[in-house]
Amino acid sequence: MPDLPDPAVVVLVGAAGAGKSTWAAAHYRAAEVVSSDALREVVGTGPADLDASADAFDLLDRILAARARRGLTVVVDTLGLDPARRAAFRAVARDHGLAAVAVVLETPATVCRERNTARDRPVPAAVLTAQLRRMRTVRTELDLEGWDAVHVVPFGDAAAHPPAPAARSAPSASPSESPSESRRASVPVSGAFLQLSAFPWGADPSAWLRAVATRAAQVGFTGLALMDHLIQIPQVGRAWDPIPEPWVTLGYLAALDTGLRLGTLVSPVTFHHAGVLAKAVATLDVLSGGRAFVGVGAGWYEREHSGFGLALPPAAERLDAVEATIETMRALWAPGTKAFVGRHVSLPETTCYPRPSGAVPIIVGGSGARSLRVAGAMGDAANVPSDDARLEVRIAAVRAAAERAGRSADAVSVTMLDVAVVGTSRDDTARRVERLRGRTPAGAYAARHHAGEAAAHAERYARLRDRGVDAVFLALPDLTGPDDLDRCAALVQAYASPVSGPAPSRRE
């Protein structure tokens with residue numbers, strides 16, 4: 001086991017039954033450990049007396065502050081799954097010049113459930129399941145939160161030798177600095193996603209969707225995104241072509257258990273009330289086991305707005321609504337039910353259950369200057385067009401906006417919607433261009449859609465990665481069914497990287 005800073009504020013992180021208390025007892029003196037369960041027993045009827053939680057955590061915070069004031073090590077034995085409480089524990093460490101350490105117990109779900117069952121008063125199964133789902137993303141969150149050390153305890157090492165004291169580490173932030181929303185950790189978005197814009201599903205829509213999603217997973221796509229429109233847009237097809245409601249459709253796809261990340265690129269805020277959208281996304285995330293993401297944008301297609309009786313305000317008002325929607329979703333997904341007062345919205349309460357299983361990435365669509373500023377200041381990713389000439393300028397705008405908001409320049413992922421013609425040979429590519437180009441000259445259409453064979457696209461994607469594009473959403477203009485995805489395997493491999501891990505720094 002590596003050395004850990006001492007003295008320090010050590011925060012244990014793990015689901016119920018992970019072995020946090022056992023690990024703490026093996027490595028620290030009893031006087032150094034402050035446990036929420038033990039304090040519930042002190043002020044209530046036992047460690048499972050949830051009615052005593054408020055008093056127990058009040059005592060925990062007082063003990064933590066008292067020990068930290070004296071420069072003494074304190075081990076916080078709680079679930080450690082709430083980012084807000086973790087931020088508060090780190091703030092105490094910073095205020096008193098102590099190192100802040102997170103210790104993660106990586107215990108298999110089956111073991112946690114067995115141990116929970118053996119307890120006198122087990123944690124409800126649904127609650128434990130939610131905790132285990134949170135554990136899928138907590139490692140990424142911790143890596144982005146600014147801990148002085150994150151130590152992972154693999155299963156089986158709970159009784160290892162205690163950590164040898166090391167020289168005190170300097171805290172990574174100023175002791176007077178406290179976490180704020182502007183310094184919120186982002187959720188990285190990376191990989192190759194299939195973007196479905198057209199739905200030539202024939203007489204059996206569900207079978208077509210199932211086949212396409214299954215093949216996308218087999219080919220190696222990271223996720224699948226649906227376009228969110230009420231009438232098919234002219235760039236894709238005819239007005240009477242089917243265009244399904246995306247959140248209902250994503251619920252169906254979640255049940256297929258393909259492992260694909262699922263979401264929209266993008267949902268216009270003119271269609272969706274912010275709070276209702278937050279509820280839909282959270283529900284999808286829970287039903288899919290933590291695989292949801294959401295793209296938001298200002299909306300633009302006047303025909304669908306007027307046809308469905310929806311207002312299409314001026315662009316500035318729509319972008320105001322994008323900011324308010326992001327703020328509302330984050331407020332309703334945060335722990336607790338307290339009132340929320342933000343820059344754009346005020347809510348008398350934030351009671352929204354189910355909460356998402358983990359941190360849900362928010363992708364901001366739009367290439368205008370203000371859209372890029374909103375993405376940099378508030379989003380987890382900025383989706384930009386596949387315009388090589390403007391790419392660096394747009395990435396720089398996102399990074400500058402992130403820094404002005406007090407975030408790292410690399411905090412926001414960059415994603416790209418790529419409507420590309422992919423052929424199996426030079427002749428096949430030429431035939432596809434001819435079928436698709438309409439009245440557009442063949443050369444212009446081929447250049448606009450980067451027409452070429454899969455190997456050429458893979459090389460282009462590798463260059464895009466080098467230039468700072470973290471994820472590509474590939475839309476095939478001639479996709480008719482699952483077999484069309486087979487020719488995309490080489491492209492997908494160029495972006496074969498996990499969504500859950502932190503993006504590498506792209507700054508020189």
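Residues numbered from 1 in each chain as written. Predicted model: local features only at pLDDT ≥ 70, side-chain atom pairs only at ≥ 80, totals over all residues. Heavy atoms only, no water.

Ordered by their spatial adjacency, nine strands build an open sheet running 10-9-8-20-17-16-15-12-11, and the pairing between neighbours is parallel. Taken across any chain shown, the strands that pair with only one partner, and hence form the sheet edges, are strand 10 (261-264) and strand 11 (267-268). Of the pairings in the sheet, the one linking strand 15 (residues 362-365) to strand 16 (residues 381-385) comprises three bridges and is parallel in character. Pairing of Gly-365 across the sheet is with Asn-383, part of strand 16. Lying on the sheet, helix 7 (residues 205-219) is in contact with strand 8 (191-196) and strand 9 (223-226); it crosses strand 8 at an angle near 165°. Taken strand by strand, helix 13 (residues 391-404) contacts strand 16 and strand 17 (413-419), and its axis lies near 160° from that of strand 16. (Pairing = 2+ DSSP bridges. Helix = DSSP H or I, 4+ residues; strand = E, 2+ residues; numbered from the N terminus. Contact = heavy atoms within 4.5 Å. Axes fitted to C-alpha atoms, helices over the stretch in contact; angles between N-to-C directions.)

Turning our attention to the nonpolar core. Core analysis: the largest hydrophobic core is formed by 75 residues, its most contacted members being Leu-196, Phe-221, Val-294 and Val-296. With residues up to four places along the chain from it excluded, the contact list for Val-296 reads Val-266, Ser-267, Val-269, Leu-277, Val-322, Thr-325, Ile-326, Met-329, Ile-362, Ile-363, Val-364 and Gly-365. (Core = buried A, V, L, I, M, F, W, Y, C linked by side-chain atoms within 4.5 Å. Buried < 20%, exposed > 50% of the residue type's maximum accessible area, 1.4 Å probe, protein only.)

With that out of the way, let us pick up the sheet that holds strand 3 (residues 33-35). Taken in spatial order, the five strands of this open sheet run 3-4-2-5-6, and their pairing is parallel. Of all strands in the sheet, those bounded by a partner on one side alone are strand 3 and strand 6 (149-154). Strand after strand, the sheet turns through a mean of 20° between neighbouring axes, direction not considered. Packed on one face of the sheet, helix 6 (residues 125-144) meets strand 2 (8-13), strand 5 (99-106) and strand 6 and runs near 155° to strand 5.

Counted by the stated rule, this structure contains eight aromatic pairs. Seen in terms of ring centroids, Phe-193 and Phe-473 are 4.5 Å apart; in terms of plane orientation they differ by 25°. Their pairing is stacked. With a gap of 280 residues between them, Phe-193 in strand 8 and Phe-473 in strand 20 (residues 471-475) connect regions that are remote in the sequence. On the basis of relative accessible area, Phe-473 is assigned to the buried category, the value being 0%. Ring geometry for Phe-199 versus Trp-201: centroids 5.7 Å apart, planes at 55°, classification tilted. Among the residues examined, Trp-201 registers a relative accessible area of 18% and is labelled buried. Chaining the aromatic ring pairs together yields one cluster made of Phe-193, Phe-293 and Phe-473. Here the guanidinium or amino end of Arg-355 rests over the ring plane of Tyr-353, the centre of that ring lying 4.7 Å away. (Phe/Tyr/Trp six-rings, centres within 6.5 Å; stacked < 30°, edge-to-face > 60°. Lys NZ or Arg CZ within 6 Å of the ring centre and 35° of its normal.)

Inspection of every chain in the model, using the stated rule, returns 23 salt bridges. Across the pair Glu-145 and Arg-86 runs a salt bridge whose closest N-O atoms are separated by 2.7 Å. Here Glu-145 is found in the loop between helix 6 and strand 6, whereas its partner Arg-86 is found in helix 4 (residues 83-95), with 59 residues between them in sequence. Side by side, Glu-145 and Arg-86 carry an identical accessibility label, which is buried. For Glu-141, the salt bridge identified is with Arg-134, shortest N-O distance 2.9 Å. For the pair shown, Glu-141 and Arg-134 are each scored as buried. (Salt bridge = Lys/Arg side-chain N within 4 Å of Asp/Glu carboxyl O.)

What follows is about helix 8 (residues 246-254). Note: α-helices contain 3.6 residues per turn, so residues at a spacing of three or four share the same orientation. Of the residues making up helix 8, those classed as buried are Pro-246, Trp-247, Thr-249, Leu-250, Leu-253 and Ala-254. The buried residues of helix 8 occupy one face: seen down the axis, they fall within an arc of 155°. Between the side-chain oxygen of the N-cap and the backbone nitrogen of Trp-247 there are 2.9 Å, and the N-cap of helix 8 in question is Glu-245. (Arc of directions from axis to C-beta. Polar contact = N/O pair within 3.5 Å; in protein donor to acceptor, adjacent residues only side chain to side chain.)

With five of its seven residues buried, strand 17 lies for the most part within the structure. Bridging between strand 16 and strand 17 involves five bridges; their strand directions are parallel. Bridge assignment links Val-384 to a residue of strand 17, and that residue is Met-416. Between the parallel elements strand 16 and strand 17, the chain passes through helix 13 in a crossover that is right-handed. Looking at chain direction, strand 17 and strand 20 are connected through five bridges and run parallel. Of the residues in strand 20, the one forming a bridge with Thr-415 is Ala-471. (Right-handed = clockwise from strand over helix to strand, strands pointing away.)

Time to look at the packing of helix 12 (residues 369-378) against helix 13. One can describe the packing of helix 12 onto helix 13 by two numbers: an axis separation of 7 Å at closest approach and a directional angle of 45°. Considering their axes alone, helix 12 and helix 13 lie oblique with respect to each other. Like other packed secondary-structure pairs, helix 12 and helix 13 cross with a definite hand, here right-handed. Within the contact between the two elements, helix 12 uses Leu-372, Arg-373, Gly-376 and Ala-377 and helix 13 uses Arg-394, Ala-397, Val-398, Ala-401, Ala-402 and Arg-404. (Parallel < 35°, antiparallel > 145°, perpendicular 65-115°, else oblique. Left-handed = near helix turned anticlockwise from the far one by under 90°.)

The next subject is the environment of Ala-280. Relative to the helices and strands, Ala-280 resides in helix 9 (residues 274-287). Separated by 215 residues in the primary sequence, Ala-280 and Ala-65 have C-alpha atoms spaced 39 Å apart.

When we look at burial in helix 12, the residues that qualify are Ser-371, Leu-372, Val-374, Ala-375, Gly-376 and Met-378. In this fold, the buried residues of helix 12 make contact with helix 11 (315-333), strand 15, strand 16 and helix 13.

For the chain, per-residue confidence averages 88 on the pLDDT scale, and 91% of positions sit at 70 or higher. Low pLDDT (under 50) marks residues 497-508, which in the prediction has 27 contacts with non-local residues, meaning those over four places away or in another chain. (pLDDT = per-residue confidence, 0-100.)

Take the side chain of Arg-460 next. Looking at the element boundaries, Arg-460 is found in helix 16 (residues 454-466). Arg-460 sits in the buried class, given a relative accessible area of 9%. Within the structure, the side chain of Arg-460 is placed 2.7 Å from the side chain of Asp-418, a separation counted as a polar contact. Within polar-contact distance, the side chain of Arg-460 engages the side chain of His-457 at 2.9 Å. Ignoring sequence-local partners within four residues, the contact set of Arg-460 consists of Asp-418, Ala-420 and His-450.

Generally, phi is negative for residues other than glycine and the peptide bonds are trans, each holding for most cases. The amide bond that connects Asp-6 to the next residue, Pro-7, takes the cis arrangement and shows omega of 5°. Among the secondary structure elements, Pro-7 is positioned in the loop between strand 1 (4-5) and strand 2. Cis geometry is adopted by the peptide bond preceding Pro-354, which originates at Tyr-353 and carries an omega value of 5°. With respect to the element layout, Pro-354 can be found in the loop between strand 14 (346-347) and strand 15. Positioned with a positive phi, Asp-257 is a non-glycine residue whose angle comes to about 55°. With respect to the helices, strands and loops of the structure, Asp-257 is situated in the loop between helix 8 and strand 10. Residue Asp-257 is classed as exposed on the basis of its relative accessible area, which comes to 61%.

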